[in-house]
Amino acid sequence: MRFLRPRTVVSAHCDLPCGVYDPAQARIEAESIKAIAEKYQGNTDPEFRTRAIIIKEQRAELVKHHLWVLWTDYFKAPHFEKYPNLHQLFNEATKLAGAAGAKGSVDPAIADQLLGKIEEISKIFWETKQA
């Protein structure tokens, strides 16, 4: 059994090299949500609007997914200690992406609010990458 024990114990900040994490993924999807909401507002065709809503909701799910990956995989306890509002930012951002926010609305202003929260998270993310 001792042959199976690791000879060297290592630890890492995240699951993989940190280069795989980037809030830009959430931002790009949120920008899509805003663009879709704007196109929805400018088009009265019911088929177009239905397709727009479906795609917008898919993008909102992707925003939540990318935020959750950052929240649960990248950020660690020391980050939350240094940035005590970080949990609240993620909570607000994922809610803005969810049914009560961009997923359930075609208002471009909601998408702007979501983009603002993602920008706040991104700023903190890049500060942690500098450390």
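Conventions adopted
- Residues numbered from 1 in each chain as written.
- Predicted model: local features only at pLDDT ≥ 70, side-chain atom pairs only at ≥ 80, totals over all residues.
- Heavy atoms only, no water.
- Axes fitted to C-alpha atoms, helices over the stretch in contact; angles between N-to-C directions.
- Helix = DSSP H or I, 4+ residues; strand = E, 2+ residues; numbered from the N terminus.
- Parallel < 35°, antiparallel > 145°, perpendicular 65-115°, else oblique.
- Left-handed = near helix turned anticlockwise from the far one by under 90°.
- Contact = heavy atoms within 4.5 Å.
- Nonpolar A, V, L, I, M, F, W, Y, C, P; charged D, E, K, R; others polar.
- Buried < 20%, exposed > 50% of the residue type's maximum accessible area, 1.4 Å probe, protein only.

If you look the protein up in an unreviewed UniProt entry, it shows as Nickel superoxide dismutase from Actinoplanes octamycinicus.

This part covers the packing of helix 4 (residues 86-97) against helix 5 (residues 108-130). Running from N to C, helix 4 and helix 5 point in directions that differ by 150°, and their axes come no closer than 9 Å. Comparing their axes, helix 5 and helix 4 come out roughly antiparallel. Considering the relative orientation of helix 4 and helix 5, their crossing is left-handed. Of helix 5, the residues touching helix 4 (which contributes Leu86, Leu89, Phe90, Glu92, Ala93, Leu96 and Ala97) are Ile110, Gln113, Leu114, Lys117, Glu120, Ile121 and Ile124. Residues that form the contact of helix 4 with helix 5 fall into these classes: 10 nonpolar, one polar and three charged.

A word on the environment of Glu38. Within the secondary structure layout, Glu38 lies in helix 1 (residues 24-41). On the basis of relative accessibility, which here comes to 42%, the residue Glu38 falls in the partly exposed class. Through-space distance from the C-alpha of Glu38 to that of Val106 is 7.8 Å; in sequence the pair is 68 residues apart.

What follows concerns the packing of helix 1 against helix 2 (residues 46-74). At a closest axis distance of 8 Å, the pairing of helix 1 and helix 2 adopts a crossing angle of 160°. In terms of axis orientation, helix 1 runs roughly antiparallel to helix 2. For the element pair helix 1 and helix 2, the recorded crossing hand is left-handed. Residue-level contacts link Gln25, Ala26, Glu29, Ala30, Ser32, Ile33, Ile36, Lys39, Tyr40 and Gln41 of helix 1 to Phe48, Arg49, Ala52, Ile53, Ile55, Lys56, Arg59, Ala60, Leu62, Val63, His66 and Leu67 of helix 2. When its residues are assigned to classes, the contact of helix 1 with helix 2 shows 13 nonpolar, four polar and five charged.

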